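# Structural overview for review
For reference, the chains in residue letters:
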Amino acid sequence: METIQSMFKHVHWANQRILETLQNGAVENKQANKLFSHILHAENVWFTRIKGNDSSQLPIWEEVGLDTCVELVAQNNHNFTGLLSNLANSELDQLVSYKNSKGTEFHNSIREILTHVALHGQYHRGQINQLLRIADLEPINVDLITFKR
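Now for a quick tour of the structure. (Residues numbered from 1 in each chain as written. Predicted model: local features only at pLDDT ≥ 70, side-chain atom pairs only at ≥ 80, totals over all residues. Heavy atoms only, no water.)

This part covers the side chain of Thr21. Mapped onto the secondary structure, Thr21 falls in helix H1 (residues 2–23). Classification of Thr21 by relative accessible area gives buried; the value is 10%. Within the structure, Thr21 has its side chain in polar contact with the backbone oxygen of Arg17 (distance 3.0 Å). (Helix = DSSP H or I, 4+ residues; strand = E, 2+ residues; numbered from the N terminus. Buried < 20%, exposed > 50% of the residue type's maximum accessible area, 1.4 Å probe, protein only. Polar contact = N/O pair within 3.5 Å; in protein donor to acceptor, adjacent residues only side chain to side chain.)

Once that is clear, we can look at the pattern of salt bridges. Opposite charge on two side chains allows them to pair when their charged atoms are near. Under the defined criterion, the tally for this structure stands at 2 salt bridges. Residues Glu63 and Lys30 are paired through a salt bridge, measuring 3.1 Å at the closest nitrogen-oxygen approach. Of the two residues, Glu63 sits in the loop between helix H2 (30–50) and helix H3 (66–86) while Lys30 sits in helix H2, which places them 33 residues apart along the sequence. (Salt bridge = Lys/Arg side-chain N within 4 Å of Asp/Glu carboxyl O.)

What follows concerns H3. Between its first and last C-alpha atoms H3 spans 30 Å; for 21 residues at 1.5 Å apiece the expected length is 30 Å, and the two agree. Taken together, the buried positions of H3 are occupied by Cys69, Leu72, Val73, Asn76, Asn79, Phe80, Leu83 and Leu84. Along H3, the residues classed as buried sweep out an arc of 145° about the axis, all on the same side. Away from its buried face by more than 90 degrees, H3 exposes Asp67, Glu71, His78, Ser85 and Asn86. Next to the buried residues of H3 lie H1, H2 and helix H4 (110–134). (Expected span 1.5 Å × (residues − 1). Arc of directions from axis to C-beta. Contact = heavy atoms within 4.5 Å.)

The structure is reproduced here in structure tokens:
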């Protein structure tokens, strides 16, 4: 459980770093904003699924403004912090049944879902950093090792 809790502290830290970069106007990149919006929407979708609620009507690729991203970063952090503080280690292998956006049913453990959320966000933050490089800007270091310093 400690590793997963640490991963979600890293998720929040990395989201904050990307958000601050987008807010300071260093890059006016519609694709970067779209990817960041997607990360935040996906975190909400997965939290909703873990809680056993229907996520079929939640946005997944809807681009939102940075003010909404600020709210989503805070809400997602609140949701996952609360979930992880009340989740017993023995519950990590509990299966969650859900349908994806196409209506296909899946069953994954809470552990698998939480790991996916952390890795999914890091994948797209890497894409955002690639867009920064293309714009001749310095990528944002969101590495776990940097977070742990």
